[in-house]
Amino acid sequence: MKNLIVTFLSMVAILFLVRTVITGKAEMDSFRKREAMVAEATECLESGDWSCAEKAVRELLCDAPHDTNLQMHLAIILYEQERYEECRSYIASLNFKNQDLELIDKKAASLIREMAELGIERSMHFRVEFEGNLSKRDVMEALAVLEVAYDSLCRLFDFHPENKMHLVLYESPQYQGVGPRPEWVGAVYDGKLRIPVNVMEYQEVYRPMFFHELTHAFVRAMTRRPVPLWINEGIAQIIDASRTGAPRPEGGVPSLESLAAPFVNENNTSRALSLYWYSQRMVEQLLRRNGNFVHFREFIQGLGKRDPDEVLQEFYGVTASQLLDEVK
Ligand SMILES: [Zn+2]
C-alpha cells in the first residue's frame, strides 16, 4: 500500500499538468490551488495522517470525480481508518476493478470477520490487525493494558494523537514486521505497533514493552519528521523504566553518529545495549535541566527540519556532544 501512496503525487501532478497545458493560462490560478492540494494530500498520505488525507483527497475528487487514482486512494484511506464496511461499499460503487482494490476489499472483509469471531469491539485508540490464531483473552488483555498506557501518555505529554494507532497483534515471531530482526527485539514500532500477544503470560515483560513501543508511537504522532534515535530511545526507556539504574555497559563510548542512526541495524547485542544505555543517560540529563514532559514534547515538535543541536540549545541550553561528555 505504501508504493501506491508514493505514486500518488506523480500521477495526480501529471494529470493536472496536462490539463493546464490544454486549458491555457487562464487556469493558472486554479492549477496552483490544485497543486497545493496535491502537495497537502501527499504529505498527509506519507505521514499516515488519514483524516487530513481524506479531506484533501475528497477535495481533489470534487474537481475530478472519475479519477481512478484518487478513488483508489480514498479506498485506502477508508481502510486505514478502520472504516471497513464503508471501504467495501465504496469499492463496490466504483466503475473499475483492479488487483489492488480487490486486495483491499479482501483484507477489509477478513478484518470484519476476525473482529466478529474474536468478539472484539472497535478499540478507542487503536486500529487492530491480527496475525495468527490469537486467544480472545490475550487480545482483550493486551488492548486493555494498551488503552491504560495510552491514557497515561496523553496526560504526561498533554498530547492527544489525531489518528488511531495502527496495532498488529501477532502470535509467532515469524510475523515480526518486515525482514529478519536481531533476537533482542521483542516488540517493534515501525509505523505500526507490532506486539506479540504470547507475552501476555508475563506481566513483568509486557508492561514495559507496551509502554516503550507506545512512546515511540507517540513521538511519531508528535512530529512528521525523523527524531535522532538517542532521543527517541532515551525517552521510551525512561517511560518504560525497565533499565533505569542499569550498570554502565562494558566497552567504549559509542559515537554520536551511531547514537543518531537506527539501533535495529546493530546486530551485536552488547553494542546495541550500550547504545540504549547512553541514550537513556543523555535524555535523563536533559530532564535534569527541565523535567517537564510537556516541555519535552514541545522540544520534539520543535525539531522539525532544524539542526537538532540548535533546538537542544534553545530548549535545554546544551548540545548532543556536551550531553555525551556528561554521561561518559
Ligand atoms: Zn525503542
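Bear in mind the structure is a predicted one, so any value in this text is a computation, not a measurement. (Residues numbered from 1 in each chain as written. Predicted model: local features only at pLDDT ≥ 70, side-chain atom pairs only at ≥ 80, totals over all residues.)

### Some thoughts on the packing of helix 12 (residues 293-303) against helix 13 (residues 308-316)
Put simply, the rule reads: Axes, fitted as lines to C-alpha atoms, cover a helix only where it is in contact. Angles between the N-to-C directions of the axes lie from 0 to 180 degrees. By the criteria applied, helices consist of DSSP H or I runs no shorter than four residues and strands consist of E runs no shorter than two, each listed in order from the N terminus. Put simply, angles under 35 degrees are roughly parallel, angles over 145 are roughly antiparallel, angles from 65 to 115 are roughly perpendicular, and the rest are oblique. Here a crossing is called left-handed whenever its near helix is offset anticlockwise from the far helix by less than a right angle, and right-handed whenever the offset is clockwise. Each residue is represented by a C-beta atom placed from its backbone, and any two residues with such atoms within 7 Å are regarded as in contact. Think of it as three bins: nonpolar holds Ala, Val, Leu, Ile, Met, Phe, Trp, Tyr, Cys and Pro, charged holds Asp, Glu, Lys and Arg, and polar takes everything else, Gly as well.
Helix 13 packs onto helix 12 with a crossing angle of 150 degrees between their chain directions and a minimal axis gap of 9 Å. The angle between helix 12 and helix 13 falls in the class roughly antiparallel. Every pair of crossing elements has a handedness; the one defined by helix 12 and helix 13 is right-handed. Residue-level inspection shows H295, F299, G302 and L303 of helix 12 in contact with helix 13, the latter providing P308, V311, E314 and F315. When its residues are assigned to classes, the contact of helix 12 with helix 13 shows 5 nonpolar, 2 polar and 1 charged.

### Description of the confidence of the model for the protein
Low pLDDT means the predicted atomic positions in that stretch should not be read closely. Here is the rule: Per-residue confidence from the predictor is reported as pLDDT, which spans 0 to 100.
The predicted model of the protein averages 85 in pLDDT, with 87% of residues at 70 or higher. Model confidence for the protein, summarised as mean pLDDT per element, is weakest for helix 1 (residues 2-23) at 57 and strongest for helix 12 at 97. Ignoring residues within four places in sequence, the model shows residues 174-185, a span with pLDDT below 50, making 17 contacts including any to other chains.

### What about the nonpolar core?
Stated precisely, the cut-off is as follows: Throughout this description, the term nonpolar core refers to a group of buried Ala, Val, Leu, Ile, Met, Phe, Trp, Tyr and Cys residues whose C-beta atoms join them within 7 Å. Note on burial: count the other C-beta atoms lying within 10 Å of the residue's C-beta; 20 or more is buried, 12 or fewer is exposed, in between is partly exposed, and C-beta positions come from the backbone. Residue ranges assigned to the domains are those given by an automatic or database domain assignment.
Counting residues in hydrophobic clusters, the biggest one holds 49 residues, and the most contacted among them are L169 and L214. Mapped by element, the contributors of at least two residues to this core are strand 1 (126-131), helix 7 (136-157), strand 2 (165-170), strand 4 (193-196), helix 8 (203-222), helix 9 (229-240), helix 11 (269-289) and helix 12. Among the elements that line this core, the one with the most residues is helix 7, at 8 residues. In terms of domain composition, this core takes at least three residues from each of domain 2 (120-219) and domain 3 (223-328).

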